[in-house]
Amino acid sequence: MRTARAISLLLLLQARRSMTGAELAAELEVSERTVQRDVLALAEAGVPVYSDRGRAGGYRLLDGYRTRLTGLDRAEAEVLLLAGLPGPLQDMGLADPALAARLKVAGELGGAPAAGARRFHLDAPGWFRDAPVPPLLAEVARAVWGGRLLRACYRRRPEADPVERVLRPAGLVLKAGTWYLVARPDDQDGAHRVYRVDRLLAAEPSERPFTPDGADADFDLAAFWEARAAGFARSLLRETVTLRLTPLGLERLPRLLEPLAAGEALASAGEPDRQGRVTVRLPVESLDVGYEEVLRLGPEAEVLEPPALRQRFAEAAARAAALYGAPPAGRPQR
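Reading guide: rules and limits
Residues numbered from 1 in each chain as written. Predicted model: local features only at pLDDT ≥ 70, side-chain atom pairs only at ≥ 80, totals over all residues. Heavy atoms only, no water. Helix = DSSP H or I, 4+ residues; strand = E, 2+ residues; numbered from the N terminus. Buried < 20%, exposed > 50% of the residue type's maximum accessible area, 1.4 Å probe, protein only. Contact = heavy atoms within 4.5 Å. Areas by Shrake-Rupley, 256 points an atom, 1.4 Å probe, with all protein chains shown as cover. 1 Å grid on protein atoms, 1.4 Å probe; cavity = no way out; pocket = protein on both sides within 12 Å on 5 of 7 lines; lining within 4 Å. Points joined across faces, edges and corners; volume = space filled by probe spheres on them. Nonpolar A, V, L, I, M, F, W, Y, C, P; charged D, E, K, R; others polar. Phe/Tyr/Trp six-rings, centres within 6.5 Å; stacked < 30°, edge-to-face > 60°. Lys NZ or Arg CZ within 6 Å of the ring centre and 35° of its normal. Polar contact = N/O pair within 3.5 Å; in protein donor to acceptor, adjacent residues only side chain to side chain. Salt bridge = Lys/Arg side-chain N within 4 Å of Asp/Glu carboxyl O. Core = buried A, V, L, I, M, F, W, Y, C linked by side-chain atoms within 4.5 Å. Pairing = 2+ DSSP bridges. Axes fitted to C-alpha atoms, helices over the stretch in contact; angles between N-to-C directions. Parallel < 35°, antiparallel > 145°, perpendicular 65-115°, else oblique. Left-handed = near helix turned anticlockwise from the far one by under 90°.

Asks: Quick question: what am I supposed to make of the overall build of the protein here?
Replies: In terms of regular secondary structure, the protein is built from 14 helices and 11 strands. Every one of the 334 residues in the protein was classed for burial, and the buried ones make up 33%. In the protein, of all internal contacts separated by at least 6 residues, the share reaching a separation of at least 24 is 60%. Counting only carbon and sulfur atoms, one obtains 52% of the accessible surface of the protein, whose full area is about 20,900 Å².

Asks: Where do I start with the layout of surface pockets in this structure?
Replies: The gaps of empty space that remain are located by a probe, the size of a water molecule, rolled over the atoms. Quantified by volume, the second largest pocket comes out at close to 550 Å³. Among the elements of the structure, strand E7 (193-196) and helix H10 (221-236) are those that each provide at least two residues to the lining of the second largest pocket. The leading source of residues in the lining of the second largest pocket is H10, at 6 residues. Residues belonging to the lining of the second largest pocket are distributed by class as follows: 9 nonpolar, 1 polar and 6 charged.

Asks: I would appreciate a short explanation of the packing of aromatic side chains in the present structure.
Replies: Two measures describe an aromatic ring pair: the distance that separates the ring centres and the angle between the ring planes. Within the structure shown, the criterion is met by 4 aromatic pairs. When the ring of Tyr-180 is compared with that of Trp-225, the centres are 5.3 Å apart and the planes differ by 45°; the resulting orientation is tilted. Separated by 45 residues along the polypeptide, Tyr-180 in strand E6 (residues 178-185) and Trp-225 in helix H10 bring together distant segments of the chain. Comparing Tyr-180 with Trp-225, the two get one shared label, buried. Centroid distance Phe-219 to Phe-224: 5.3 Å. Interplanar angle 50°. Geometry classified as tilted. Sitting over the face of the ring of Tyr-291, Arg-312 holds its NZ or CZ atom 3.9 Å from the ring centroid.

Asks: Is there a simple way to explain the side chain of Arg-184 in this structure?
Replies: Residue position: Arg-184 is located in strand E6. Reaching out from Arg-184, the side chain makes a polar contact with the side chain of Asp-213 at a distance of 2.5 Å. Polar contacts involving the side chain of Arg-184 include one to the side chain of Asp-216, which spans 3.3 Å. If near-sequence neighbours (up to four positions away) are discounted, Arg-184 is found in contact with Val-166, Leu-167, Arg-168, Gly-190, Ala-191, His-192, Asp-213, Ala-215 and Asp-216.

Asks: Sorry if this is basic, but what is going on with the pattern of salt bridges here?
Replies: Pairing of side chains with opposite charge becomes possible as their charged atoms draw close. Under the definition given, this model contains 14 salt bridges. Between Asp-216 and Arg-184 there is a salt bridge, and its shortest N-O distance comes to 3.3 Å. With Asp-216 in helix H9 (residues 214-217) and Arg-184 in strand E6, this pair connects stretches of sequence that are 32 residues apart. Summarising the burial analysis for this pair, Asp-216 and Arg-184 share the class buried.

Asks: How do you make sense of the nonpolar core when you look at a structure like this?
Replies: Note on soluble globular proteins: their nonpolar side chains tend to be buried together. Leu-243, Leu-245, Leu-253, Leu-282, Val-294, Leu-297 and Val-303 are the most contacted members of the largest nonpolar core, which totals 21 residues. Mapped onto this core, the elements with two or more residues apiece are strand E9 (239-245), helix H12 (259-267), strand E10 (278-284), helix H13 (287-295), strand E11 (301-305) and helix H14 (307-324). Broken down by element, the residue count for this core peaks at 4 residues, all from E10. Residues in contact with Leu-243, not counting those within four places in the same chain, are Val-278, Thr-279, Val-280, Leu-282, Val-294, Leu-297, Glu-302, Val-303 and Leu-304. Among the nonpolar cores identified, the runner-up in size contains 19 residues, and Val-140, Ala-152, Leu-174 and Tyr-195 belong to it.

Asks: Looking at this structure, I do not really get the sheet that holds E11. What am I missing?
Replies: Two orientations exist for strands paired in a sheet by backbone hydrogen bonds: parallel and antiparallel. The antiparallel open sheet is built from 3 strands, whose spatial order is E10-E9-E11. Unpaired on one side and paired on the other, E10 and E11 mark the two borders of the sheet. Pairs of neighbouring strands in the sheet enclose a mean axial angle of 35°, with direction left out of account. The pairing of E9 with E11 spans 4 bridges and is antiparallel. Following the sheet pairing, Arg-244 is matched in E11 by Glu-302.

Asks: How do you make sense of the packing of H13 against H14 when you look at a structure like this?
Replies: How two helices pack is summed up by the angle between their axes together with the distance between the axes. Axis separation between H13 and H14 bottoms out at 11 Å; the angle between their running directions is 45°. Judged by the inter-axis angle, H13 sits oblique to H14. Once H13 is placed against H14, the crossing between them reads as right-handed. Facing Leu-287, Asp-288, Tyr-291, Val-294 and Leu-295 of H13, the residues of H14 in contact are Leu-309, Arg-312, Phe-313, Ala-316 and Arg-319.

Asks: Could you clarify how one ought to interpret the sheet that holds strand E3 (residues 58-61) in this entry?
Replies: The antiparallel open sheet is built from 3 strands, whose spatial order is E1-E3-E2. Only two strands of the sheet have a single partner each, and these edge strands are strand E1 (18-19) and strand E2 (49-52).

Asks: Is there a simple way to think about the pairing of E3 in this case?
Replies: On a regular strand, one side chain projects to one face of the sheet and the next to the other, so that they alternate. Inspection of the sheet shows E1 paired to E3 by 2 bridges, in the antiparallel sense. Bridged to Ser-18 within E3 is Arg-60. Here E2 pairs with E3 via 4 bridges, running antiparallel. Its bridge partner being in E3, Asp-52 is matched across the sheet by Gly-58.

Structure representation (structure tokens):
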């Protein structure tokens, strides 16, 4: 740990020219006294690092000195693909190689990545949320990154009996705060499946990588997940609501409702009537969910079927009319 931290300190100084002890301590998440000890260790190892006193002081490297520790190893190069996701990286136990990789790139490019980071920001509301980190996530990630078999004990549902499997991990997916492992059993006929990491009761990576076969080499994680997610989302849409939409309602439909359901509704649209209204069939998870979704369209949507949902909207409209049909108490009617 001390050697890795000292190398990170060296790369920080190479990338940023000069840093105070407080800045280094904050970056490395250690005390300033620890920074002093690491600087001393670097000096004893022959690295020309020195300190300037005064208001503009700090730790520096001798002008012209550049370390040769800028080559990326395999783990650092792979983890750069995820460097924009610091929270998930730390959850998987990959924060240290990500930091080392960013520092090496910063050293080669003279600090350009840091300048770029000030101009770009990733904000994914509704996708990542605060959720407990699965206790076995780091072990699963180690098996995924190392291409190692994973001996796992898994519970398919909270009430189900545990099942033991030896798995060939293909990848990890983070969706809406939940981690999923995509893997297949360690046999020639096993198909890839999805396992929730928080339902793993035990996870033990093997010591050596497994030998990939055709199913491993040709596997496309992104395509698999897209197809699996689409199929799962469609399986939830068990009810259908028939709507008559105004032109404005038709325009708002794909912006306000779930994309898969909105797409199917738009594909079902018939010819406009004399008022420009069109009839569509909207798939929904349930009539209760359908009620909440159609409410977003306001008066731009009229429910035609099923009758029970149409009656529910009629009652809601009557209550709204009672609220807005008379002036609030204490305010004279004009």
